[in-house]
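Breakdown of the fold
Here is what each chain is made of, one letter per residue.
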Amino acid sequence: MAETGSRRGLDSRGYIEREGSLGRVSHVFRPVVAAARDQVLHMFGKRLHSAYLYGSIPRGTARPAHSDLDLLLALREEPTEADRTEARALDEALDKEFPRIDGAGTLLVSRGQVLSDLERYDLGWFVACLCTPLLGEDLAEDLPRYRPDSLLARETNGDLALLLPRWRERIAEADSQDARRSLVRGFSRRLVRTGFTLVMPRWNGWTSDLHEMAEVFGRYYPERAAQMRAAAVAAYEPGADPWSHAAVLRSYVDDLGPWLAEEYARVHGLKARRPGP
């Protein structure tokens, strides 16, 4: 049974509230956002349906020189390889011009993909609840409201078991300290978010703060709480010790990851399979 005491991140009817807004962008990052908006319009023009910010910048929690700029662009048609090349050029230009961001990342999707039945409780939810409109018509207007229930948990993070083989390959391919550090940060974020959505329906709320996610998870799985708290720390600050990076990555794919994937499938089931590999 879901807990009813906690309402964090929900409106009065129990729906997840959209977490960011342009009004929360701090003055330090406003020039970056303005430049991104202008360059997106210049590069994609009429191909663009809508553009969104997500992550720490629209939540107002970004730190200069530590936080990246995250963009999602919904195109009118399926993105092409030329579109992806332009997106990479956009990221490189923003990263070069603005040292106050720790890189930029642009996710390309199509309007049809966001609104599809298959993506309604994954990408659709992401746009409606975690993305802040920057340009164009907001696709959230054509999407449902979302509750922190088992269906949402399954369709957002119920594919961890499918990711683990590729994680092992990426660890084997990582040939530098920077590469392993990047993997620690990325894998840590995914594990903490998956741990949180595992218990999200019982907690009955939403947060994007990784430390709070780990603490909420730990209430229900105290035997794994220390591991998840450590993963939340590594998601923000992986540290500088290369031997530690290797050990952390091994623990993720040999212990915490497999356990979490099995428990997730037991509690919520497996995410609907997508076409392709």
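You'll find the structure just up there.
Residues numbered from 1 in each chain as written. Predicted model: local features only at pLDDT ≥ 70, side-chain atom pairs only at ≥ 80, totals over all residues. Heavy atoms only, no water.

A few words now on the environment of Ala 172. Along the chain, Ala 172 turns up in helix α7 (residues 160–173). Among the residues examined, Ala 172 registers a relative accessible area of 68% and is labelled exposed. C-alpha separation for the pair Ala 172 and Gly 103, spaced 69 residues apart in sequence, amounts to 24 Å. (Helix = DSSP H or I, 4+ residues; strand = E, 2+ residues; numbered from the N terminus. Buried < 20%, exposed > 50% of the residue type's maximum accessible area, 1.4 Å probe, protein only.)

With that settled, the discussion passes to the nonpolar core. Leu 72, Val 114, Trp 125, Phe 126 and Trp 206 are the most contacted members of the largest nonpolar core, which totals 58 residues. Apart from residues lying up to four places away in sequence, Val 114 is in contact with Val 109, Glu 119, Leu 123, Gly 124, Val 127, Leu 139 and Leu 143. Membership of the second largest hydrophobic core comes to 27 residues, among which are Met 43, Leu 75, Phe 98 and Leu 108. (Core = buried A, V, L, I, M, F, W, Y, C linked by side-chain atoms within 4.5 Å. Contact = heavy atoms within 4.5 Å.)

All chains considered together, the criterion is met by 22 salt bridges. For Asp 159, the salt bridge goes to Lys 271, with nearest N and O atoms at 3.6 Å. Highlighted residues: Asp 159 in the loop between α6 (150–157) and α7 and Lys 271 in the segment after α11 (242–268), separated in sequence by 112 residues. (Salt bridge = Lys/Arg side-chain N within 4 Å of Asp/Glu carboxyl O.)

So, on to helix α1 (residues 30–44). End to end, α1 covers 21 Å across 15 residues, agreeing with the expected 21 Å (1.5 Å per residue, within 8%). Those residues of α1 that fall on the buried side of the exposure criterion are Val 32, Val 33, Ala 35, Ala 36, Gln 39, Val 40, Met 43 and Phe 44. Down the axis of α1, the smallest arc covering the buried residues is 160°, so these residues share one side. Of the residues trailing α1, Gly 45 is marked for its positive phi of about 50°. (Expected span 1.5 Å × (residues − 1). Arc of directions from axis to C-beta.)

On to unusual backbone geometry, then. In the Ramachandran plot, Ala 65 falls in the positive-phi region, its phi being about 70° despite a non-glycine side chain. Relative to the helices and strands, Ala 65 is located in the loop between α2 (56–59) and β2 (69–75). Assessed through its relative accessible area of 47%, Ala 65 is described here as partly exposed. Its identity is not glycine, yet Asn 204 carries a phi of approximately 60°, on the positive side. Of note, Asn 204 is situated in the loop between α8 (177–203) and α9 (210–220).

Taken N-terminus to C-terminus, the directions of α6 and α8 make an angle of 160°; their axes are 8 Å apart at the nearest point. Put simply, α6 runs roughly antiparallel to α8. Considering how the two elements wind past one another, α6 and α8 form a crossing that is left-handed. Mapping the contact onto sequence places Ser 150, Leu 152, Ala 153, Thr 156 and Asn 157 in α6 and Arg 190, Arg 193, Thr 194, Thr 197, Met 200 and Pro 201 in α8. Here the contact of α6 with α8 is composed, by residue class, of four nonpolar, five polar and two charged. (Axes fitted to C-alpha atoms, helices over the stretch in contact; angles between N-to-C directions. Parallel < 35°, antiparallel > 145°, perpendicular 65-115°, else oblique. Left-handed = near helix turned anticlockwise from the far one by under 90°. Nonpolar A, V, L, I, M, F, W, Y, C, P; charged D, E, K, R; others polar.)

In an α-helix there are 3.6 residues to a turn, and that puts residues three or four apart on one side. With eight of its eight residues buried, helix α5 (residues 123–130) lies for the most part within the structure. Contacts from the buried residues of α5 go to β1 (48–54), β2, β3 (104–110), α4 (111–115), β4 (131–136) and α6.

Right, let's get into the packing of α7 against α8. For the pair α7 and α8, the least separation of the axes is 12 Å and the interaxial angle reads 165°. Between α7 and α8, the interaxial angle falls into the category roughly antiparallel. The handedness of the crossing between α7 and α8 is left-handed. Counting all contacts with α7, which are made through Leu 160, Leu 163, Trp 167, Arg 170 and Ile 171, the residues of α8 involved are Leu 183, Phe 187, Arg 190, Leu 191 and Thr 194.

In this fold, Ser 110 is placed in strand β3. In terms of polar contacts, Ser 110 uses its side chain to reach the side chain of Glu 78, at 2.6 Å. (Polar contact = N/O pair within 3.5 Å; in protein donor to acceptor, adjacent residues only side chain to side chain.)

Moving on, we come to the sheet that holds β1. Ordered by their spatial adjacency, four strands build an open sheet running β3-β2-β1-β4, and the pairing between neighbours is mixed. The open sheet is flanked by β3 and β4, the only strands paired with a single partner. Neighbour-to-neighbour, the strand axes of the sheet open up by a mean angle of 25°, direction not taken into account. Of the strand pairs in this sheet, β1 and β2 are connected by six bridges, and their pairing is antiparallel. Of the residues in β2, the one forming a bridge with Tyr 52 is Leu 72. Sitting on the sheet, helix α3 (residues 81–97) is in contact with β2 and β3, with an inclination near 155° to β3. On top of the sheet, α5 reaches β1, β2, β3 and β4; it is set at about 85° to β4, its chief contact. (Pairing = 2+ DSSP bridges.)

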